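Residue-level structural notes
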Amino acid sequence: MTRAASDRPLAPRRIGVFGGAFDPPHRAHRALAEAALRQLALDTLLILPTGQAWHKARPLTDAQHRLAMCRLAFADLPGAVVDGRETVRDGPTYTVDTLAELRAEHPGAALFVIMGADQWLAFRTWRRWKDILRWATVAVANRPQTADGAPLPDLAQVGLPFVELELSPIDVSATVVRDQWHQAYRTTSSSAATPAPDVAALVPPAVARYISDQRLYATHGPTA
Ligand code: ATP
């Protein structure tokens, strides 16, 4: 007698957690999300714009804008879900709190925390990092530290277990995107910035349109 499909034990769900300021989401974020979904065989990748980032000194762009840009950036990526929970949480955002919630919401699920090398190298400063390692697998994509071709960091120096995501190094950061957009406002007379095509291409096209339409980053100085 064959068992009904509903009697079969379901494989545990595989849920990725990709947090960040996403101010704005750029093409490395997008590539990293695609790599994580594919290489970790995730059922769902939660994209979690941070509320008050404990490790970033500068004030972030309003969460509503960062959420809207994430929805645009990841809309056509199957399995990616933008989750705004961290933007409405009181106080600083900590990944361990999000993991605790997800463990309660999805008992038995396999959780993966996705990050770039800069975050991994600072991982021992994360709140309750031991609990994070107990509850989830950390997956790290390497990232160039500087634009001048310096060697990629040695991820093993952290001395903690992780899995490495294969990703060709992409030398883009949100800081560079904000700075370049800021320059575009200074060199255009129209109210919406029209950056050079190579600057616009640092972010997904819909995000570029959103930044221009909303005049985001117009008031940031070059080092903001
Ligand atoms: P900022 O320049 O404002 O500090 P950022 O470009 O680092 O921003 P975040 O939103 O802080 O972007 O990053 C979210 C996550 O994406 C982090 O884990 C970060 O390490 C990772 N990430 C960002 N850019 C890259 C990149 N070029 N390659 C690999 N990972 C990246």
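Here's a quick rundown of the structure.

Rules used throughout
Residues numbered from 1 in each chain as written. Predicted model: local features only at pLDDT ≥ 70, side-chain atom pairs only at ≥ 80, totals over all residues. Heavy atoms only, no water. Salt bridge = Lys/Arg side-chain N within 4 Å of Asp/Glu carboxyl O. Helix = DSSP H or I, 4+ residues; strand = E, 2+ residues; numbered from the N terminus. Buried < 20%, exposed > 50% of the residue type's maximum accessible area, 1.4 Å probe, protein only. Pairing = 2+ DSSP bridges. Right-handed = clockwise from strand over helix to strand, strands pointing away. Phe/Tyr/Trp six-rings, centres within 6.5 Å; stacked < 30°, edge-to-face > 60°. 1 Å grid on protein atoms, 1.4 Å probe; cavity = no way out; pocket = protein on both sides within 12 Å on 5 of 7 lines; lining within 4 Å. Points joined across faces, edges and corners; volume = space filled by probe spheres on them. Nonpolar A, V, L, I, M, F, W, Y, C, P; charged D, E, K, R; others polar.

**With respect to the pattern of salt bridges**
Pairing between side chains of opposite charge can happen when the charged atoms of each approach one another. Enumeration according to the criterion identifies 9 salt bridges in this entry. Taking the shortest distance from any N to any O, the salt bridge between R143 and D118 comes out at 3.2 Å. Here the residue R143 occupies a position in the loop between β7 (136–141) and β8 (163–165), and D118 occupies one in helix α4 (residues 117–121), the gap between them amounting to 25 residues. The class of R143 is partly exposed, set by a relative accessible area of 28%. Close ionic contact of R134 with D131 constitutes a salt bridge, the shortest N to O distance being 2.5 Å. With R134 and D131 both in helix α5 (residues 129–135), this residue pair falls 3 residues apart, about one helical turn. For R134, a relative accessible area of 61% gives the class exposed. When salt bridges that share partners are traced, they join D83, R85, R89, E101 and E105 into one network.

**Considering the pairing of strand β2 (residues 44–49)**
With respect to burial, β2 is a largely interior element, 6 of its 6 residues being buried. Across 6 bridges, the pairing between strand β1 (residues 14–20) and β2 is parallel. When the sheet's bridge partners are listed, G19 is paired in β2 with L48. The parallel pair β1 and β2 is bridged by helix α1 (residues 27–39), and the resulting crossover is right-handed.

**A look at the packing of aromatic side chains**
Per the counting criterion, the structure on display carries 6 aromatic pairs. Judged by centre distance (5.2 Å) and plane angle (45°), the rings of W120 and F162 are tilted. Residue W120 is found in helix α4, and its partner F162 is found in the loop between β7 and β8; the two are separated by 42 residues along the sequence. Relative to W129, the ring of F123 lies with its centre 6.3 Å away and its plane at 65°, an arrangement referred to as edge-to-face. By the burial criterion, F123 is buried, and W129 matches it.

**Some details on the layout of surface pockets**
Taken as a whole, the largest pocket holds about 740 Å³ of empty space. Forming the boundary of the largest pocket are 40 residues, of which G19, G20, A21, H29 and Q119 lie nearest the centre. Looking at the lining of the largest pocket, the elements with two or more residues in it are β1, α1, β6 (110–116), α4 and α6 (174–186). For the lining of the largest pocket, a count of residues per class yields 19 nonpolar, 14 polar and 7 charged.

These results come straight from atomic positions and should not be treated as a statement about function.
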